[in-house]
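# A closer look at the structure
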Amino acid sequence: MSSIKIRTKRQQGTTQIRTLIAHPMETGLNTDNQNQKTIAAHFIQTLTVRHNDKIILTTDMGSGISRNPYFSFEMKGGEPGDKITIQWSDNQGNRDTQDALIS
Amino acid sequence: MTKLLFWLLVLGLFSAAPSTATPLNDQRTLQQHFFTQFPTLSRQDFANGVYALDPDAKQSWLAIEQFPPYEIAIDRGKKNFFTPFKNGQRYQDCFVDYQQGISQHYPYWDLKTKTVVTLSQAINRCRQLNLEAPLKPTAGDLIALTAYLAFLSRDQPIAITIPPIPAAQAAYQQGKDYYHQRRGQLNFSCASCHIQNAGKRLRTETLSPLLGQQLADIPT
Amino acid sequence: MMQTRRQFIKKTLTIGGAFWASSWLIVKPLWAQTETLWPIGLFAHSKYQAALKGITGGQALIASKDITMTIPRIAENGALIPFTLSSTLEKAERVFVLVKKNPVPLVARFTLSPQVNTQLSARLKMAETSKVVSIVLANGQYYYTDKTVKVTLGGCGG
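Definitions and limits used
- Residues numbered from 1 in each chain as written.
- Chains lettered and ligands numbered in written order.
- Predicted model: local features only at pLDDT ≥ 70, side-chain atom pairs only at ≥ 80, totals over all residues.
- Heavy atoms only, no water.
- Helix = DSSP H or I, 4+ residues; strand = E, 2+ residues; numbered from the N terminus.
- Contact = heavy atoms within 4.5 Å.
- Areas by Shrake-Rupley, 256 points an atom, 1.4 Å probe, with all protein chains shown as cover.
- Buried < 20%, exposed > 50% of the residue type's maximum accessible area, 1.4 Å probe, protein only.
- Disulfide = S-S within 2.5 Å.
- Pairing = 2+ DSSP bridges.
- Axes fitted to C-alpha atoms, helices over the stretch in contact; angles between N-to-C directions.
- Core = buried A, V, L, I, M, F, W, Y, C linked by side-chain atoms within 4.5 Å.
- Buried area = accessible area lost by both parts, 1.4 Å probe.
- Salt bridge = Lys/Arg side-chain N within 4 Å of Asp/Glu carboxyl O.
- Polar contact = N/O pair within 3.5 Å; in protein donor to acceptor, adjacent residues only side chain to side chain.
- Phe/Tyr/Trp six-rings, centres within 6.5 Å; stacked < 30°, edge-to-face > 60°.
- Lys NZ or Arg CZ within 6 Å of the ring centre and 35° of its normal.

## Observations concerning the overall build of chain A
- For chain A, the helix and strand inventory stands at zero helices and seven strands.
- Mapped in sequence order, the helices and strands of chain A form the string β-β-β-β-β-β-β.
- For chain A, the share of sequence-separated contacts (at least 6 apart) that also reach a separation of at least 24 residues comes to 55%.
- For chain A, the computed accessible surface area is about 4,800 Å², with 42% contributed by carbon and sulfur atoms.

So, in structure tokens, the structure goes:
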């Protein structure tokens, strides 16, 4: 199962792109209640949004973004069948990518 | 165990328990208390908990509902719910009515074992019947399963009945006593905040009324 | 990927394409620099003023009424604060979101192509009551707006 959920909605002349990503977004400052050890920092660093394979937006973030990050963006235009791709990479070298077609 | 009884109380208050005088009377008294205290709220509004009282919190809640992070847990719970056990059975074979929503009937008094049974316990009973190890109460899989089942019960009124037998009534009373027991550094009981002072602020938090509180409002 | 480009550029330089390579890098707008790495330096600051200087290079911020930030006055949950920003400033290239008193004040940096509007939502964590500052880089100027969000530990949960 992909870590990325994408929802698009065409509005008047624009397309709203919303995404929810399953990710712990650990700051590295928290302690595990079970063993009192510090939980290693683990957060998404970069998220890119592509429209038909062309980058339209990049977000660089720290661990100040909430766990299971949510973002919404607004793209000019957008036609049914256009491809939106969202990709993330985190500080531990993980990455994921997901496509969605505008309905 | 006490915690379970506590939830039996909280949820049981809103049940239409026939011929059980005490819980039903308590329910009416409490409803009257809150309807008088918050005359502008409809009965239905109370289901939204603190969001019915606090416009700031409501705004945040509605923004989060646009694409709620709990969808991740619900997806996981749904996947688990339909994944067969080693013997080929599934959760849905234990919970045949799941599509209509079942979590509004929990916790309930189990006549056979003479105990209060929560949804989490029922899930673990289902596992044991199918020769699977029970899940820990804090396990993500168990939480995800209950989240999925609770989601299927969305907008269904809580429907818990407390049978008119002494043991069940005693469990109700134990939960009620727990709710009114003062404890902790501030010497508050649950009731201090959620009955006597509901709607007021404690630091920056608005205190939610007991009426309408659901499992989702369990303080961590 | 960065490595590849560096090697590529190095190669280009060595074969005498210095002019082409450097002008291409300068001309290419921010959003099109697809292979830039996460800006570790910007997120390394633990003090707001230092983080701000890292962003603007010391250039003054201009208060702007053309940026609208929607964020609750009181956070119900400091770990999950809904945030929305919209701006009518022309030629916006970047948006920075900072929480002054967070252990790492810079929360996010958005790099916008001309194909997107300055209309963003996110969810933030806040450690304590603080000002939230949104900065929009447009036409070489840094415009901002800010709002205070109250955060305390919950009454029950702690």
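## A word on the environment of Phe110(C)
- Inspection of the secondary structure assignment puts Phe110(C) in strand β5 (residues 106-112).
- On the basis of relative accessible area, Phe110(C) is assigned to the buried category, the value being 1%.
- Residues Phe110(C) and Trp31(C) lie 79 residues apart in sequence; the distance between their C-alpha atoms is 9.3 Å.
- When neighbours within four sequence positions are excluded, Phe110(C) is seen to be in contact with Thr58(A), Thr59(A), Phe71(A), Phe73(A), Glu93(C), Arg94(C), Val95(C), Val97(C) and Leu120(C).

## Examining the state of the cysteines
Residue and element names in this part refer to chain B.
- Evaluated as defined, the whole model comprises one disulfide over all chains.
- For Cys94, the disulfide goes to Cys126, at an S-S distance of 2.1 Å. Across the S-S bond linking Cys94 and Cys126, the dihedral sits near 80°, which makes this disulfide right-handed. Of this pair, Cys94 sits in helix α5 (residues 91-94) while Cys126 sits in helix α6 (residues 119-129), and the two are 32 residues apart along the sequence.
- Residue classification places Cys94 among the partly exposed positions, given a relative accessible area of 30%.

## Digging into the sheet that holds strand β8 (residues 141-149) of chain C
- Overall, mixed pairing links the nine strands, which are arranged β7(A)-β6(A)-β3(A)-β4(A)-β5(C)-β4(C)-β7(C)-β8(C)-β1(C) in an open sheet. Edge positions in the sheet fall to β7 (95-101) of chain A together with β1 (61-63) of chain C, since each of these pairs with one other strand and no more. Put simply, the sheet's adjacent strands are angled 20° from each other on average, direction ignored.
- Pairing of strand β3 (residues 44-51) of chain A with strand β4 (residues 54-61) of chain A involves six bridges; the strand directions are antiparallel. Each residue of the ladder has a partner; that of Arg50(A), found in β4(A), is Ile55(A).
- Relative to strand β4 (residues 92-99) of chain C, helix α4 (residues 48-56) of chain C is tilted by about 170°, and along the sheet it contacts β1, β4, β5, β7 (130-138) and β8 of chain C.

## So, the pairing of β4(A)
- Of all eight residues in β4(A), seven are buried, a share of seventy percent or more.
- Counting the residues in the hairpin turn of β3(A) and β4(A) gives two residues, including Asn52(A), whose phi is positive at 45°.
- Direction of pairing for β4(A) relative to β5(C): antiparallel, over a ladder of five bridges. Within β5(C), the residue paired with Thr58(A) across the bridge is Thr111(C).

## Regarding the nonpolar core
- Judged by nonpolar contacts, the single largest core of 62 residues is most densely connected at Val49(A), Ile65(A), Phe83(C), Phe110(C), Leu124(C) and Val132(C).
- What Val132(C) contacts, discounting residues up to four positions off in sequence, is Met69(C), Ile71(C), Phe83(C), Val97(C), Leu98(C), Val99(C), Leu124(C), Met126(C), Thr145(C), Asp146(C), Lys147(C) and Val149(C).
- The next biggest cluster of nonpolar side chains, apart from the first, holds 18 residues, and it includes Tyr91(B), Tyr106(B), Val117(B) and Leu119(B).

## Looking at the interface of chain B and chain A
- Of the residues lining the interface, eight residues belong to chain B; the matching set on chain A comes to ten residues.
- For the pair chain B and chain A, the summed buried area comes to about 900 Å², and 65% of that belongs to carbon and sulfur atoms.
- Where chain B meets chain A, there are three salt bridges.
- In this structure, the salt-bridge partner of Asp75(B) is Lys5(A), at a minimum N-O distance of 2.6 Å.
- Joining chain B to chain A, the criterion identifies four residue pairs in polar contact (both at pLDDT 80 or more).

## Remarks on the sheet that holds strand β5 (residues 70-76) of chain A
- Here we have six strands laid out as an open sheet, ordered β1(A)-β2(A)-β5(A)-β6(C)-β3(C)-β2(C), and antiparallel in their pairing. Edge positions in the sheet fall to β1 (4-10) of chain A together with β2 (67-70) of chain C, since each of these pairs with one other strand and no more. Geometrically, the sheet is characterised by an average inter-axis angle of 15° between neighbouring strands, direction not taken into account.
- Here strand β2 (residues 14-21) of chain A runs beside β5(A); their pairing, made up of seven bridges, is antiparallel. When the bridges of β5(A) are listed, Leu20(A) appears paired with Tyr70(A).
- Each of β2, β3 (81-87) and β6 (116-124) of chain C touches helix α3 (residues 55-65) of chain B; the most contacted strand, β3(C), lies at about 80° to it.

## Details of the interface of chain C and chain A
- Between chain C and chain A, the residue contacts involve 28 residues of the former and 31 residues of the latter.
- Counting the surface lost from both chain C and chain A, the interface buries some 2,600 Å², and carbon and sulfur atoms represent 51% of this.
- Counting the contacts that link chain C with chain A gives one salt bridge.
- Between Asp60(A) and Arg109(C) there is a salt bridge whose closest N-O contact spans 3.0 Å.

## Observations concerning the pairing of β7(A)
All names here are of chain A.
- Summarising the sheet, strand β6 (residues 83-90) and β7 pair through seven bridges and their orientation is antiparallel. Bridging from a neighbouring strand, Trp88 pairs with Asp96 of β7.
- What sits between β6 and β7 in their antiparallel hairpin is a turn of four residues, with Gly93 showing a positive phi close to 85°.

## Digging into the packing of aromatic side chains
- Per the counting criterion, the structure on display carries 18 aromatic pairs over all chains.
- Here Phe38(B) and Phe46(B) contribute two aromatic rings whose centre-to-centre distance is 6.3 Å and whose plane-to-plane angle is 65°, an arrangement assigned as edge-to-face. For the pair Phe38(B) and Phe46(B), a shared accessibility class is recorded, and that class is buried.
- Taking 5.9 Å as the distance between ring centres and 15° as the angle between the ring planes, the aromatic pair formed by Phe81(B) and Tyr91(B) counts as stacked. Taken together, the residues Phe81(B) in helix α4 (residues 71-81) and Tyr91(B) in helix α5 connect sequence positions ten residues apart.
- Overall, the relative accessible area of 3% leaves Tyr91(B) in the buried class.
- Among the aromatic residues, ring-to-ring pairing joins Phe81(B), Phe82(B), Phe85(B), Tyr91(B), Tyr98(B) and Tyr148(B) into one connected group.
- Between Arg7(A) and the ring centre of Phe67(B), over which it is positioned, the NZ or CZ distance is 4.1 Å.
- Lying over the aromatic face of Tyr178(B), Arg183(B) brings its terminal NZ or CZ to 4.1 Å of the ring centre.

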